[in-house]
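Spelled out from the first residue to the last, the chains are:
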Amino acid sequence: DIQMTQSPSSLSASVGDRVTITCRASQSISSYLNWYQQKPGKAPKVLIYAAFSLQSGVPSRFSGSGSGTDFTLTISSLQPEDFATYYCQQSYSTPYTFGQGTKLEIK
Amino acid sequence: EVQLVESGGGLVQPGGSLRLSCAASGFTLNYYNMNWVRQAPGKGLEWVSYISISSSTIYYADSVKGRFTISRDNAKNSLYLQMNSLRDEDTAVYYCARVSSAWYELDYWGQGTLVTVSS
């Protein structure tokens, strides 16, 4: 199985900050990497698919990069509604494993 | 509007069974591959199962293989998860989710249904 490791596990930041979350796969997954945002009590929402493609309707302050084993999610200027938990997921092969999550909190 | 609505969750004893349903509306289910994903209380997301449009391709996580069965009825626009031999560690919110494209990202999710396995 492909293991997905996110870092950091938690992060404190302020509105307006630039934030980067990383995700590392235990083997190459090409660009089959998706990013989700989840708020408490809600279902996850896809932000980025295929490593860098912005899902329709998602603000352009979100961006993704990487290929192979190393990926990043960047939020260019944090907004109050961005404080949530973020997960990466590989869709290269089953089981379609998720990272353990990064909880983004207000500083 | 695309909607996925799960039902069938509840409290069940260890060793028991439940059948979850996911009703799709606002789109035609038989054009999309589908998944079940779960989340234990306070924990991260765990992919559970995948089913292709025609049900010809099905995958399971090792943690549920042999105990859970995914199925679909495209005529009823519905997805199912039959869960047998339930264990404490199956306690979670179960989400159905639609596969969007060839990159297999999950673009629409239901609100989830809680399954609690406890004596």
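Here the structure is a predicted model, which is why all the values come from computation and not from measurement.

Visitor: How should the sheet that holds strand E8 (residues 70–75) of chain A be read in this particular structure?
Guide: Through backbone hydrogen bonds, the strands of a sheet pair up, either in parallel or in antiparallel fashion. Residues and elements named next belong to chain A. Here we have 4 strands laid out as an open sheet, ordered E1-E3-E8-E7, and antiparallel in their pairing. Whereas interior strands pair on both sides, the edge strands pair on one side only; in this sheet they are strand E1 (4–7) and strand E7 (62–67). Between one strand and the next, the sheet's axes are offset by a mean angle of 15°, whatever the strand orientation. By the bridge criterion, 6 bridges tie strand E3 (residues 19–25) to E8 in an arrangement that is antiparallel. In the strand pairing of E8, threonine 22 is matched with threonine 72.

Visitor: Mind showing me how you'd approach the pairing of strand E9 (residues 92–99) of chain B here?
Guide: Consecutive side chains of a regular strand alternate in pointing toward one face of the sheet and then the other. Residue and element names in this part refer to chain B. Burial within E9 is extensive, with 7 of its 8 residues counted as buried. In the sheet, strand E4 (residues 34–39) pairs with E9 via 6 bridges, with the strands oriented antiparallel. Note that in E9 the partner of asparagine 35 across the bridge is alanine 97. Pairing of E9 with strand E11 (residues 113–117) involves 3 bridges; the strand directions are antiparallel. Residue pairing across strands places valine 93 opposite leucine 114, the latter belonging to E11. Alignment of E9 against strand E10 (residues 106–109), held across 3 bridges, turns out to be antiparallel. Counted as the bridge partner of arginine 98 is tyrosine 108 from E10. Here E9 folds back onto E10 in antiparallel fashion, the turn holding 6 residues, of which tyrosine 104 has a positive phi close to 65°.

Visitor: Could you clarify how one ought to interpret the nonpolar core in this entry?
Guide: One recurring pattern in soluble globular proteins: nonpolar side chains tend to sit buried together. Trp36, Leu81, Met83, Tyr94 and Trp109 of chain B are the most contacted members of the largest nonpolar core, which totals 41 residues. Residue assignment for this core shows that the elements contributing at least two residues are strand E3 (18–25), E4, strand E5 (45–51), strand E7 (68–73), strand E8 (78–83), E9, E10 and E11 of chain B. A per-element tally of this core places E9 of chain B first, with 6 residues. The next biggest cluster of nonpolar side chains, apart from the first, holds 24 residues, and it includes Leu78, Ala84, Cys88 and Leu104 of chain A.

Visitor: Any chance you could explain the interface of chain B and chain A here in plain terms?
Guide: By convention, interface size is frequently given as the accessible area that disappears when the constituent parts associate. Contacts between chain B and chain A engage 21 residues on the former and 20 residues on the latter. Counting the surface lost from both chain B and chain A, the interface buries some 1,700 Å², and carbon and sulfur atoms represent 66% of this. Together, Leu45, Trp47 and Trp103 of chain B form the three largest contributors to the area buried by chain B at its contact with chain A, with a combined 40%. The interface formed by chain B and chain A includes 0 salt bridges. On the surface where chain B and chain A come into contact, there are 6 residue pairs in polar contact (both at pLDDT 80 or more). Within the residue set of the side of chain B that touches chain A, elements represented by two or more residues are E4, E5 and E10 of chain B. Its residues assigned to classes, the side of chain B that touches chain A comprises 11 nonpolar, 5 polar and 5 charged.

Visitor: Explanation requested: the state of the cysteines in the structure shown.
Guide: Linking two cysteines covalently via their sulfur atoms produces the bond known as a disulfide. All names here are of chain A. Applying the stated criterion across every chain yields a total of 2 disulfides over all chains. One disulfide in the model links cysteine 23 with cysteine 88; its S-S distance is 2.1 Å. Disulfide cysteine 23 to cysteine 88: torsion about the S-S bond roughly 70°, handedness right-handed. Separated by 65 residues along the polypeptide, cysteine 23 in strand E3 and cysteine 88 in strand E9 (residues 85–90) bring together distant segments of the chain.

Visitor: Quick question: what am I supposed to make of the pairing of E3 of chain B here?
Guide: Residues and elements named next belong to chain B. Side-chain alternation along E3 places Leu18, Leu20, Cys22 and Ala24 on a buried face and Arg19, Ser21, Ala23 and Ser25 on a face that remains uncovered. Sheet topology note: the strand E1 (residues 3–7)/E3 ladder contains 5 bridges and is antiparallel. Looking across to E3, one finds that leucine 4 is bridged to alanine 24. Two elements, E3 and E8, share 6 bridges in a ladder whose sense is antiparallel. In the sheet register, serine 21 faces E8, and the bridge partner there is tyrosine 80.

Visitor: I'm lost on the packing of aromatic side chains in this one. Help?
Guide: Geometrically, a pair of aromatic rings is defined through the distance of the ring centres and the angle of the planes. For the structure shown, the criterion picks out 12 aromatic pairs over all chains. For the ring pair tyrosine 96 of chain A and tryptophan 47 of chain B, a centre distance of 5.4 Å and an interplane angle of 65° mean the geometry is edge-to-face. With tyrosine 96 of chain A in the loop between E9 and strand E10 (102–106) and tryptophan 47 of chain B in strand E5, this residue pair bridges two chains. In this structure tyrosine 96 of chain A comes out as buried when scored by relative accessible area, which is 7%. Ring geometry for tyrosine 96 of chain A against tyrosine 50 of chain B: centres 6.2 Å apart, planes inclined by 85°, an arrangement best described as edge-to-face. Of this pair, tyrosine 96 of chain A sits in the loop between E9 and E10 while tyrosine 50 of chain B sits in strand E5, placing the two residues on different chains. Residue class for tyrosine 50 of chain B comes out buried when judged on its relative accessible area of 4%. These aromatic residues form a ring-pair network of at least three members: Tyr96 of chain A together with Trp47, Tyr50, Tyr59 and Tyr104 of chain B.

Cut-offs and rules
- Residues numbered from 1 in each chain as written.
- Chains lettered and ligands numbered in written order.
- Predicted model: local features only at pLDDT ≥ 70, side-chain atom pairs only at ≥ 80, totals over all residues.
- Heavy atoms only, no water.
- Pairing = 2+ DSSP bridges.
- Helix = DSSP H or I, 4+ residues; strand = E, 2+ residues; numbered from the N terminus.
- Axes fitted to C-alpha atoms, helices over the stretch in contact; angles between N-to-C directions.
- Buried < 20%, exposed > 50% of the residue type's maximum accessible area, 1.4 Å probe, protein only.
- Core = buried A, V, L, I, M, F, W, Y, C linked by side-chain atoms within 4.5 Å.
- Contact = heavy atoms within 4.5 Å.
- Buried area = accessible area lost by both parts, 1.4 Å probe.
- Salt bridge = Lys/Arg side-chain N within 4 Å of Asp/Glu carboxyl O.
- Polar contact = N/O pair within 3.5 Å; in protein donor to acceptor, adjacent residues only side chain to side chain.
- Nonpolar A, V, L, I, M, F, W, Y, C, P; charged D, E, K, R; others polar.
- Disulfide = S-S within 2.5 Å.
- Phe/Tyr/Trp six-rings, centres within 6.5 Å; stacked < 30°, edge-to-face > 60°.

Keep in mind these numbers describe shape, not what the thing actually does.
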